[in-house]
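# What the coordinates show
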Amino acid sequence: MYTEPTTFSAEQYFATQLPPPALQHDVESVREFVARQQKEGRAVVLVTSGGTTVPLELNVVRFLDNFSAGTRGATSAEYFLKAGYAVIFMHRQFSLQPFSRHYSHSTNPFLDFLDIDSPESQGATPRISVTPNKREDLLQVLTVYKEVHARGTLHTLTFVTVNDYLWLLRAVSQEMSVLKRRAMFYLAAAVSDFFLPRQKMASYLVSSFASEHKIQSGKGSLHIEMDQVPKILKPLVDEWTPGGFIVSFKLETDQNLLLPKARQAIERYGHQVVIGNELHRRKFEVVFVSKKPLPALPPGIEQTDEAILQAVDPTNSFSEYWLRIDVPEHPAPGFLVKEIEEDIVDELVKRHAEWIANTP
Ligand code: PAZ
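Rules of the game
- Residues numbered from 1 in each chain as written.
- Predicted model: local features only at pLDDT ≥ 70, side-chain atom pairs only at ≥ 80, totals over all residues.
- Core = buried A, V, L, I, M, F, W, Y, C linked by C-beta atoms within 7 Å.
- Buried ≥ 20, exposed ≤ 12 C-beta atoms within 10 Å, placed from the backbone.
- Helix = DSSP H or I, 4+ residues; strand = E, 2+ residues; numbered from the N terminus.
- Domains from an automatic or database assignment.
- Contact = placed C-beta atoms within 7 Å.
- Nonpolar A, V, L, I, M, F, W, Y, C, P; charged D, E, K, R; others polar.
- Axes fitted to C-alpha atoms, helices over the stretch in contact; angles between N-to-C directions.
- Parallel < 35°, antiparallel > 145°, perpendicular 65-115°, else oblique.
- Left-handed = near helix turned anticlockwise from the far one by under 90°.
- Expected span 1.5 Å × (residues − 1).
- Pairing = 2+ DSSP bridges.

### Description of the nonpolar core
Among the nonpolar cores identified, the biggest contains 69 residues, and Val 44, Val 45, Val 47, Val 87 and Ile 88 are the most heavily contacted of them. With 9 residues, the single largest contributor to this core is helix H5 (residues 162–176). Counting contributing residues, this core receives three or more from each of domain 1 (1–100 + 149–243) and domain 2 (259–360). Discounting chain neighbours no more than four positions away, the residues touching Val 87 are Val 45, Val 47, Ala 77, Phe 80, Leu 81, Thr 153 and Leu 154.

Here you go:
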């Protein structure tokens, strides 16, 4: 019986957990997309978006979920497209998507935008039109949406579980490695830190209940011990896509942890930017944390590792850049708040261009 709580390395993870059935198909579609964008000279960004689930059963009835609606990812994808990037949008099934997010079924149902015009003559087919005060907004969104489709610069992939996410991220990043520095990774998805390995699900069902079937109640409380999801930023940076410009997000509920956690991630994984955001302030405040470039040594001093180390101030080796948008305390009805993703993407596009220009 499988009982050991484990911390999987990425390698062990992929050796023991099964790939999602559509993986091969997804990989081929990404390969074709990347090759076309490369030929047409575009940089490509992988945007991950939405939350992963953690199934508790092999035949899934129950699962743990994550709050993320995919707003950050879907909104950012639109701004990356506007900036000329090709976008691979890897999102949680049914979470928000670029363009259609403006007409989400719960906050802005598209049926409320439509009118039925009564036909003038009896027997004529009724016609559908857009409510006049919604036309301008819809036209703007629809125009960009159609342009993006005509250019073929948006490619969409779907995940549901944390397992789907990990397999897809590895495969897509490996496909993107041909782009070298022109690949950007914008990891905004909210990915579970814990999961239940297949082997554990099976034995836990076999020992407590019945084969692959749904967990039954009636035996008191349910205890689930989960294993830690491997830290995949390390192999992403070092092995899967060396050369890519990697931006990860760090979500905290304690504002005081934002900077220490973001710095720790940069130190640990060696990627380019961590964007820290606090749960309730995330739509109007984020912080970019990166490693400061190495200091220029005074003339005459040889550029040895030792000299560089001496010149680095270990207490001050990170740069922090806060992005904030002003939101009135009591906004008037209909007040349009600027989307912070516009500024996030602007800043990243600048940094990515500098990085492409300055990395040997
Ligand atoms: O999807 P959303 O707009 O509701 O939320 C975005 C977010 C908070 C999930 C994202 O900005 C983020 O911080 N993602 C990484 C979460 C983490 O694993 O720390």
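Having seen the structure, we can now continue with the description.
### Considerations on the domain arrangement of the protein
Domain boundaries in the protein define domain 1 (1–100 + 149–243) and domain 2 (259–360). The interface of domain 1 with domain 2 comprises 12 residues on the first partner and 13 residues on the second. Breaking the side of domain 1 that touches domain 2 down by element, the ones donating at least two residues are helix H3 (71–82) and helix H7 (233–240). Element by element, the count of residues in the side of domain 1 that touches domain 2 is highest for H3, at 5 residues. Its residues placed into classes, the side of domain 1 that touches domain 2 shows 6 nonpolar, 2 polar and 4 charged.

### Observations regarding the packing of helix H2 (residues 23–39) against H5
Axis separation between H2 and H5 bottoms out at 9 Å; the angle between their running directions is 30°. Here H5 runs roughly parallel to H2, going by the angle between their axes. As for how H2 packs across H5, the hand of that crossing is right-handed. In contact with Leu 23, Asp 26, Val 27, Val 30, Arg 31 and Val 34 of H2, H5 contributes Trp 167, Leu 168, Ala 171, Val 172, Glu 175 and Met 176.

### Comments concerning helix H4 (residues 135–151)
Under the 1.5 Å per step criterion, the end-to-end length of H4 is 24 Å for 17 residues, consistent within 8% with the ideal 24 Å. Within H4, only 0 of the 17 residues are buried, leaving the element largely exposed.

### Considering the sheet that holds strand S13 (residues 285–291)
For sheets, the rule is that strands pair by backbone hydrogen bonds, running either parallel or antiparallel. Taken together, 8 strands build an open sheet; the order of strands is S7-S4-S1-S8-S11-S12-S13-S14 and the sheet is mixed. Each having just a single partner strand, strand S7 (154–159) and strand S14 (318–324) make up the two edges of the open sheet. Neighbour-to-neighbour, the strand axes of the sheet open up by a mean angle of 15°, direction not taken into account. Direction of pairing for strand S8 (residues 183–187) relative to strand S11 (residues 245–252): parallel, over a ladder of 4 bridges. Paired with Leu 187 across the bridge in S11 is Ser 248.

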